[in-house]
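# Understanding the architecture of this molecule
Now for the letters of each chain:
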Amino acid sequence: MTSTAATDRPPRSRLNRLLRELWFQVVLAAVLGIAVGLLAPGMGEELKPLNDWFIALVKMIVVPVVFCVVTTGIASMDNLRKAGRIGVKAIGYFLVLSLVSMLIGLAVANIFQPGAGLNVDPSTLRAEDVPETATEHATFTGFISSLIPTSLLGAITGDAILAALMVSIVFGVALNMAGEDGAPLTRGIKALSDVVFRIVGWVMRLAPLGTFGALAMVVATYGAESLKQLAYLILLFTATCVVYVLVVLGAIMRACRLSLFGLMRFLKTELLVALSTCSSEAVLPQLVRKLETLGVGRPVVGIVIPSGFSFNLDGSAVYLTMASMFLAQAMGIDLSWQQQLVMVGVMMLTSKGTAGIAGGAFIVLASTVTAVGHIPLAALSLIVGVDRILNEGRVFINVLGNAVATIVIGKWEKDFDAEQAHSVLHPDKDRTPPPPPAALDTTKVGADN
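Remember, it's a predicted structure, so these values are computed and weren't measured experimentally. (Residues numbered from 1 in each chain as written. Predicted model: local features only at pLDDT ≥ 70, side-chain atom pairs only at ≥ 80, totals over all residues. Heavy atoms only, no water.)

One pass over the structure, following the stated rule, counts three aromatic pairs. Geometrically, the ring pair formed by Phe237 and Tyr319 is edge-to-face, given 6.3 Å between the ring centres and 80° between the ring planes. In this pair, Phe237 sits in helix H11 (residues 231-255) while Tyr319 sits in helix H16 (residues 314-330), placing the two residues 82 residues apart along the sequence. Residues Phe237 and Tyr319 agree in their burial class; the two are buried. Cation over ring: Lys290 sits above Phe266, and NZ or CZ is 4.9 Å from the ring centre. Above the face of the Tyr319 ring, Arg394 is positioned so that its terminal group lies 4.0 Å from the ring centre. (Phe/Tyr/Trp six-rings, centres within 6.5 Å; stacked < 30°, edge-to-face > 60°. Helix = DSSP H or I, 4+ residues; strand = E, 2+ residues; numbered from the N terminus. Buried < 20%, exposed > 50% of the residue type's maximum accessible area, 1.4 Å probe, protein only. Lys NZ or Arg CZ within 6 Å of the ring centre and 35° of its normal.)

In structure tokens:
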């Protein structure tokens, strides 16, 4: 009897450990959400507030995270030129990757022609089917205005990431220049950082509820009926996202001598939450913590991640060119390569700074369609029904792409612990496991769950 009981204990303990893992809870919640959406659509639609509440809780804590990480990162630098150097390298990397992403989407749409054969009559389109948010066109002046907060404290207590990032940089620079006089305030913000990330840990425990509500609502609202006509576009976009991850991001990670799949395993919880909630903002605080645990320096993480979530939206870039070409092909509009390149140029300008806007990529698409003028705005009604599904691929690449970008800039700046990264990403190959979070430097964001 004793031997039987002993053999029964290990499986139960393994199952209990698995049930306590956040990523497994998210997967379980996703399966249950899809089941509810299919079997009880009415109930599924009523569960939408669960996702809204989770996203609201995350947005509540995003700006304090950005302020604490960016401010302390810059304040602790020995040389302020390092902050400028990191910013310039990051922006250069973002622009190159955005251009590559758009050209990949353009090439795929031209080769596979997802919208060809639909032959949509423009007179049959209803402009009222396009959401009102699509008329909120992204402009350069609007982007600059979003950088300037109404007040210093307002930027810290608000929900605008770009304004918070600018104020955090200015505040960090001022603390750095203040020297010893600003040291007590710097230590206070570091202590606040520990408290903020403890709250982040509590909020992230609610991710399964947000996942459950989000997928139940999506399946109940859109179902399979709305996907039939646009299934080819969805499959093609999904395949393009997979190829982009494996080829482009895989090549970058190989150049960094790290495993892309190891990074995806390390970030599995964040990627699953982003996929299910379709919000990259939902994982920003936890991503900052994870990347510091991986061995990237705080100054690099503090500057690259917040700016990357506004400027380095590679998934959105692929979507923009593919969706634009799909609409043109569906309307029977033949765009020359010169017109296509002009469209890419407009998107490079309008796609920056929309991370904090719900449906930001859709708004950019509307802005581009209006600016270029070759496709009627009402054509957006063709894809509005499946934009939420296409958003899953966009968000996944946005989150993973920004993690890769942070590693690249960290190595470029020589502010990256390669040994720690290998021990975290390849624990089986390293006999010495990474130190537990409690043993890490308390100035690190990842020091506390």
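Another aspect to go through is the pattern of salt bridges. Tallied over the entire structure, the rule returns six salt bridges. In this structure, Lys82 and Asp415 form a salt bridge, with 3.1 Å as the shortest nitrogen-oxygen distance. Residue Lys82 is found in helix H5 (residues 81-112), and its partner Asp415 is found in the loop between helix H19 (387-412) and helix H20 (418-425); the two are separated by 333 residues along the sequence. Classification of Asp415 as buried rests on a relative accessible area of 18%. Through salt bridges with shared partners, one network takes in Arg85, Lys89 and Glu413. (Salt bridge = Lys/Arg side-chain N within 4 Å of Asp/Glu carboxyl O.)

A separate point is a nonpolar patch on the surface. Together, Val242, Val243, Leu246, Val247 and Phe261 make up an exposed nonpolar region whose accessible area comes to about 450 Å². The element best represented in the nonpolar patch is H11, accounting for four residues. With respect to the element layout, Val243 can be found in helix H11. Overall, Val243 belongs to the partly exposed group, its relative accessible area being 47%. (Patch = residues over 30% accessible without salt bridge, like charges linked within 9 Å, V, L, I, M, F, W, Y side chains within 5 Å. Areas by Shrake-Rupley, 256 points an atom, 1.4 Å probe, with all protein chains shown as cover.)

Taken residue by residue, H20 has Gln420, Ala421, Ser423, Val424 and Leu425 as its buried positions. For H20, the elements touching its buried residues are helix H12 (260-266) and helix H14 (284-294). By the N-cap criterion, in which a side-chain oxygen at the helix start approaches the backbone nitrogen of a residue two or three places on, H20 is capped by Asp417, the distance to Glu419 being 3.3 Å. (Contact = heavy atoms within 4.5 Å. Polar contact = N/O pair within 3.5 Å; in protein donor to acceptor, adjacent residues only side chain to side chain.)

Quick look at unusual backbone geometry now. Backbone geometry places Gln113, a non-glycine residue, at a positive phi of 45°. By the secondary structure assignment, Gln113 is in the loop between H5 and helix H6 (140-147). Residue Gln113 is classed as partly exposed on the basis of its relative accessible area of 34%. The phi dihedral of Lys414 falls on the positive side, at around 55°, and the residue is not glycine. With respect to the helices, strands and loops of the structure, Lys414 is situated in the loop between H19 and H20.

Here we come to the UniProt feature "transmembrane region" (unreviewed entry) in the protein. In this structure's numbering, the residues bearing the UniProt feature "transmembrane region" (unreviewed entry) are residues 22-41, 53-78, 90-112, 160-178, 199-224, 230-256 and 357-384. In this annotation, residues 22-41 is assigned 95% helix and 0% strand; the end-to-end C-alpha distance for the span is 26 Å. Helix makes up 100% of residues 90-112 and strand 0%, whereas the separation of the span's terminal C-alpha atoms amounts to 33 Å. (UniProt positions renumbered as here; feature names shortened; annotations may be inferred.)

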